[in-house]
Amino acid sequence: MFVVPSLIRAGAETQVIDLVNQIDPGQMRVHLFTFERQLDLLEKLDRSKVSHHQCVRRSKYDLQPARELGRLIDELEIDVVHCTLQFALLCGWLARRYSRRQPRLIVSVHTTLNRDFKGDVLDWVMYQWLMRACDQIIFVCDAQRHHWIRRFPFIAATAVTIHNGINVARFDPSQTAPAGVALRAQLGIPADAVVLAHVAAFRPEKAHQVLLQALAQVMPELPELQVIFAGDGPLRSAITEQGRQLGLAPRLHFTGSLPDVRPVLAAADFSVLPSIAVETFSLAMLESLALEVPMIASDLGGAREAVLQGETGALVPPGQVAELAAALRALCRDAAGRRRMGQRGRQLVLERYDGAMMAQKTADAVLQCVRSAPGAARLPYAKSMGK
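Rules behind the numbers
- Residues numbered from 1 in each chain as written.
- Predicted model: local features only at pLDDT ≥ 70, side-chain atom pairs only at ≥ 80, totals over all residues.
- Heavy atoms only, no water.
- Pairing = 2+ DSSP bridges.
- Helix = DSSP H or I, 4+ residues; strand = E, 2+ residues; numbered from the N terminus.
- Contact = heavy atoms within 4.5 Å.
- Axes fitted to C-alpha atoms, helices over the stretch in contact; angles between N-to-C directions.
- Salt bridge = Lys/Arg side-chain N within 4 Å of Asp/Glu carboxyl O.
- Buried < 20%, exposed > 50% of the residue type's maximum accessible area, 1.4 Å probe, protein only.
- Polar contact = N/O pair within 3.5 Å; in protein donor to acceptor, adjacent residues only side chain to side chain.

(A) Seen up close, the sheet that holds strand β1 (residues 2–3). Spatially, the 7 strands line up as an open sheet ordered β3-β2-β1-β4-β5-β6-β7, and their pairing is parallel. Two strands lie at the open edges of the sheet, namely β3 (50–54) and β7 (159–161), each paired on one side alone. Its contacts with the sheet place helix α5 (residues 142–151) against β5 (104–109), β6 (136–139) and β7, and it is angled at close to 165° to β7.

Structure follows, in structure tokens:
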């Protein structure tokens, strides 16, 4: 049973959908449980492989979703509960206490640096104790795993890295190029412009304001540079207004939230992810590289495991406007370098970050938990696997 709070259109939730869709149903039955109302990504779920269950919580302290999950664990004979994000872990931990079956518990952690002090307090006061109850703790990149082990050394014995992955076949530059050309024309971007893409929700940690300050420095000397912002969020109006006040508005293009970001990346010559917090191992980063679009990223979380300096893009210190401006200048002026980095980026994703690899490693982790469970020989899938 995979547990995630919602199916809102965001990184961790997208990763869960890609993950469960790619797990071999011959290895295990797969169920997905959600307890928030947002189901934006439900249409992407492969219902022929995955059964979806939902119990919406009615208030902050509503325990009914955990009770319902506990009931499903017993009814469906669930051997392993895999929780994505710490809040889902709380639900899964409670459900195990409600169930008779007592399944193994896995958590997939997607944060490195929290948004605020409250998140740090919750980690220390509550989530570290829930993690002690887990049979396996999955981190989505090596840098994140090392960070958490430094904070809570006790998790070293159960910690494993399974990198985020994407369906690389969906991000084929030869197939998406026409959509990129069409989007440029739709937005009125000249064919000879150099286009920068920023794909992210308009939230403080995504640092749109830092990017605008850097653009204000470089755009006067780079008349060919235009920028596409894809995404929506609470800061969109403020960022739009800031761009207008800086005199950048004619060369900034806002698409809003899109169900498919491939046309945006296909229209771009390079991309940027200037986040200042939370970022761990971005799917937007992998999608950009898979489409042969090199990236400038903040050196945060596991970015340096995919954005290789001078090979697939450039790394800059988080929140540093001057360094970001310098990287923008360099990539904007180096067309040959962008092509070389783009080709290397796609090669890297194919080698290390294909979603099929992520799915198989996750399935292996689940089966390992089943094999190590007390009375494993009695479990249906352990028996069918000959374990």
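Here the narrative resumes, following the displayed structure.
(B) Main features of the pattern of salt bridges. Counted under the stated rule, the structure contains 21 salt bridges. Residue arginine 57 pairs with glutamate 36 through a salt bridge whose shortest N-O separation is 2.8 Å. Pair noted here: arginine 57 is in the loop between β3 and α2 (64–75) and glutamate 36 is in the loop between β2 (30–34) and β3, with a separation of 21 residues, a long-range link. A relative accessible area of 22% means that arginine 57 is categorised as partly exposed. A salt bridge links arginine 344 to glutamate 351; the shortest N-O distance between them is 3.9 Å. One network of salt bridges, in which partners are shared, links Glu68, Arg71 and Glu75.

(C) Broad picture of the sheet that holds strand β12 (residues 295–298). Pairing is parallel across the open sheet formed by 6 strands, whose spatial order is β10-β9-β8-β11-β12-β13. With one partner strand each, in any of the chains shown, β10 (252–256) and β13 (313–316) form the two edges of the open sheet. For this sheet the average axis-to-axis angle between neighbouring strands, irrespective of direction, equals 20°. Sheet topology places strand β11 (residues 270–273) next to β12; 3 bridges connect them, and they run parallel. Directly across from serine 271, in β12, lies its bridge partner methionine 295. On top of the sheet, helix α10 (residues 283–290) reaches β8 (194–199), β11 and β12; it is set at about 160° to β12, its chief contact.

(D) Expanded view of the side chain of glutamine 15. Mapped onto the fold, glutamine 15 is located in helix α1 (residues 11–22). Residue classification places glutamine 15 among the buried residues on the basis of a relative accessible area of 5%. There is a polar contact of 3.2 Å between the side chain of glutamine 15 and the side chain of asparagine 164. Sequence-distant contacts of glutamine 15, defined by excluding residues within four places in its chain, comprise His110, Asn164, Leu283 and Met358.

(E) Expanded view of unusual backbone geometry. Positive phi is not limited to glycine here, since glutamine 102 has a value of about 55°. Here glutamine 102 lies in the loop between α3 (86–98) and β5. The backbone of alanine 207 sits at a positive phi, close to 60°, despite the residue not being glycine. By the element assignment, alanine 207 lies in the loop between β8 and α7 (208–218). The exposure class assigned to alanine 207 is buried, which follows from its relative accessible area of 0%.

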